[in-house]
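These are the residues of each chain, in order.
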Amino acid sequence: MPNIYQNICNNTDYKSDPSVLQIKTIDMHTGGEPLRVIVSGFPELKGNTVLEYRRDIKENYDYLRTALMFEPRGHADMYGCILLPPNDEDADFGILFMHNEGYSSMCGHAIIAISTLAAKMNWINVKEGENELKIDAPCGRIISYANMVNGEVTGVKFHCVPSFVVSLDRIVNVPGIGNVVYDLAYGGAFYAYVDLRKNTHLNFGLTEENYRAIIQAGVDIKHAVMSQDKDIQHPFEEDLSFLYGTIFIDEPMDIDNHSRNVCVFADGEVDRSPTGSGVSGRIAIEKARNAIDTNQFITIESITGSTFIGSLVKEEKFGSFKAVIPQVEGTAFVTGINTFLIDPKDPMKNGFILR
């Protein structure tokens, strides 16, 4: 009788057919929010800027986004990125973000994770203390700083693109909910910020057991705002002129924190982290309300209890807006290394989602 178990122990390398596409990834999380980093196997994208690369992937390779984000390789709340050449020689690399609906313009948790990975993988010349990276995202150039202590990454902070408030205390009528008061702000992406303390008829807490109610309300509010607001316009890029999601705000669970953020974005995804671009917009809102000043730090928690530290670096003019440069700090961890196989004979090769 053959020793089958011994065969198993001796043969653990799977060799796929040459017709099967292999895409290698490194998986991470920042505050519980996943990031699948595509490191090899993806077709070369055409373009000269990150926005041009984004147009190419949307037009020609979107089936690979769904293959890597959707089931059976991912799930409804998976998030990913692909690394690209920078827009010019002044930056280190470019990045595109992807999720269940498409491609976002900014992602703070991904910036924290990829900066952590760049140091861990020695993609940069690592030194003790702060290691600066210049990253071209669709929303513009992000400056991040990976902090090294005794050869270990202890955290990352990044300076976001100019972030600004479009308006405060707008009212939108949401079918099935009624009038909702919200702030419209941009932190690399546009969000409708809904403070539950001003909207007490939204009678759910920002906790895991209210997950479904949070998603439904977030999607409904997003669609209502999109129907009403015609001035969701980026000052310079039409490709960035869309509402990305709804961010609910409430009192923190930990009294040492400033507040709680729960973001519902894309097609009903819930961010497990406090949302880096969302915290950036929050800093703009806090400044507009004279509730924060330069170099003042606030800690914002997420639905999982993870935290980002937000602060105001400086103010500057951005088109017609009085904007701020926010700083966001957090930590990320590697969770796995994968080689995904996309078999052309597999009827589910492009993925699917069940909620």
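Structure shown above.
These figures come from a predicted structure and were not determined experimentally.

**Here's the deal with the side chain of Ser241**
Inference 1: Residue position: Ser241 is located in the loop between helix 5 (211-228) and strand 11 (243-250).
Inference 2: Looking at Ser241, the relative accessible area reads 14%, which means it is buried.
Inference 3: At 2.8 Å, the side chain of Ser241 and the backbone nitrogen of His234 are in polar contact.
Inference 4: Polar contacts involving the side chain of Ser241 include one to the main-chain carbonyl oxygen of Glu237, which spans 3.2 Å.

**Comments concerning the pattern of salt bridges**
Two side chains that carry opposite charge are able to pair once their charged atoms sit near each other.
Inference 1: According to the stated counting rule, one finds 22 salt bridges in the structure shown.
Inference 2: Put simply, Asp239 and Arg55 hold a salt bridge, and the shortest N to O gap is 2.9 Å. Separated by 184 residues along the polypeptide, Asp239 in the loop between helix 5 and strand 11 and Arg55 in helix 2 (residues 50-60) bring together distant segments of the chain.
Inference 3: Relative accessible area serves as the criterion here: at 27%, Asp239 is assigned to the partly exposed category.
Inference 4: Residue classification places Arg55 among the partly exposed positions, given a relative accessible area of 38%.
Inference 5: Of the charged contacts, one joins Arg170 and Asp231 as a salt bridge, the two residues approaching to 2.6 Å between their closest N and O atoms. In this pair, Arg170 is assigned in strand 8 (residues 164-174) and Asp231 in the loop between helix 5 and strand 11, connecting sequence segments 61 residues apart.
Inference 6: When its relative accessible area of 35% is taken as the criterion, Asp231 is described as partly exposed.
Inference 7: One network of salt bridges, with partners in common, ties together Asp169, Asp183, Lys198 and Arg289.

**Some words on the pairing of strand 2 (residues 33-40)**
Inference 1: Most of strand 2 sits out of view: 6 of its 8 residues are buried.
Inference 2: Inspection of the sheet shows strand 1 (residues 21-30) paired to strand 2 by 7 bridges, in the antiparallel sense. Looking at the pairing, His29 lines up with Pro34 of strand 2.
Inference 3: With antiparallel pairing between neighbouring strands as the criterion, strand 1 and strand 2 make up a hairpin whose turn holds 2 residues, including Gly31 at a positive phi of roughly 60°.
Inference 4: Two strands pair when backbone bridges link them, and strand 2 and strand 3 (residues 80-84) are joined in this way by 3 bridges, in the parallel orientation. Looking across to strand 3, one finds that Arg36 is bridged to Gly80.

**Overview of the nonpolar core**
Inference 1: Core analysis: the largest hydrophobic core is formed by 89 residues, its most contacted members being Phe97, Ile142 and Phe248.
Inference 2: Here the element with the most residues in this core is helix 4 (residues 108-120); it accounts for 8 residues.
Inference 3: Ile142 has contacts with Met106, Ile111, Leu133, Lys134, Ile135, Ala137, Phe158, His159, Cys160 and Val161, leaving out every residue within four places of it along the chain.
Inference 4: Residues Ile23, Ile57, Leu68 and Ile342 belong to the second largest nonpolar core, which totals 21 residues.

**Some thoughts on unusual backbone geometry**
Inference 1: The residue after Glu71, namely Pro72, is reached through a cis peptide bond having omega 0°.
Inference 2: Looking at the element boundaries, Pro72 is found in the loop between helix 3 (62-69) and strand 3.
Inference 3: In the Ramachandran plot, Asn290 falls in the positive-phi region, its phi being about 55° despite a non-glycine side chain.
Inference 4: With respect to the helices, strands and loops of the structure, Asn290 is situated in the loop between helix 6 (276-288) and strand 14 (297-301).
Inference 5: When its relative accessible area of 68% is taken as the criterion, Asn290 is described as exposed.

**What to know about helix 6**
Inference 1: The end-to-end C-alpha distance of helix 6, which contains 13 residues, comes to 19 Å, matching closely the 18 Å that a straight helix rising 1.5 Å per residue would cover.
Inference 2: Counting buried residues in helix 6 gives 12 out of 13 residues, a clear majority hidden from the surface.
Inference 3: For helix 6, the complete set of buried residues consists of Gly276, Ser277, Gly278, Val279, Ser280, Gly281, Arg282, Ile283, Ala284, Ile285, Glu286 and Lys287.
Inference 4: Two residues or fewer after helix 6 comes Asn290, characterised by a positive phi angle close to 55°.

**Comments concerning a nonpolar patch on the surface**
Inference 1: Taken together, Ile4, Tyr5 and Ile8 make up a surface patch of nonpolar side chains, about 360 Å² in accessible area.
Inference 2: Mapped onto the elements, Ile8 comes out in helix 1 (residues 4-10).

**Points about the packing of aromatic side chains**
Inference 1: All chains considered together, the criterion is met by 13 aromatic pairs.
Inference 2: When the centroid spacing of 5.0 Å and the interplanar angle of 20° are considered together, the rings of Phe164 and Tyr186 count as stacked. With Phe164 in strand 8 and Tyr186 in strand 9 (residues 178-186), this residue pair connects regions lying 22 residues apart in the sequence. Comparing Phe164 with Tyr186, the two get one shared label, buried.
Inference 3: Ring centres of Phe164 and Phe190 lie 6.0 Å apart, and the angle between their planes is 75°; this geometry places the pair in the edge-to-face category. Of this pair, Phe164 sits in strand 8 while Phe190 is found in strand 10 (residues 190-195), placing the two residues 26 residues apart along the sequence. The same class applies to Phe164 as to Phe190, namely buried.
Inference 4: Connected via pairs of aromatic rings, a cluster forms that spans Tyr79, Tyr191, Tyr193, Phe242, Tyr244 and Phe265.
Inference 5: Lying across the ring of Tyr103, Arg65 places its NZ or CZ 5.6 Å from the centre.
Inference 6: Between the NZ or CZ atom of Lys157 and the centre of the ring of Tyr145, over which it lies, the distance is 5.8 Å.

The rules behind these values
Residues numbered from 1 in each chain as written. Predicted model: local features only at pLDDT ≥ 70, side-chain atom pairs only at ≥ 80, totals over all residues. Heavy atoms only, no water. Helix = DSSP H or I, 4+ residues; strand = E, 2+ residues; numbered from the N terminus. Buried < 20%, exposed > 50% of the residue type's maximum accessible area, 1.4 Å probe, protein only. Polar contact = N/O pair within 3.5 Å; in protein donor to acceptor, adjacent residues only side chain to side chain. Salt bridge = Lys/Arg side-chain N within 4 Å of Asp/Glu carboxyl O. Pairing = 2+ DSSP bridges. Core = buried A, V, L, I, M, F, W, Y, C linked by side-chain atoms within 4.5 Å. Contact = heavy atoms within 4.5 Å. Expected span 1.5 Å × (residues − 1). Patch = residues over 30% accessible without salt bridge, like charges linked within 9 Å, V, L, I, M, F, W, Y side chains within 5 Å. Areas by Shrake-Rupley, 256 points an atom, 1.4 Å probe, with all protein chains shown as cover. Phe/Tyr/Trp six-rings, centres within 6.5 Å; stacked < 30°, edge-to-face > 60°. Lys NZ or Arg CZ within 6 Å of the ring centre and 35° of its normal.

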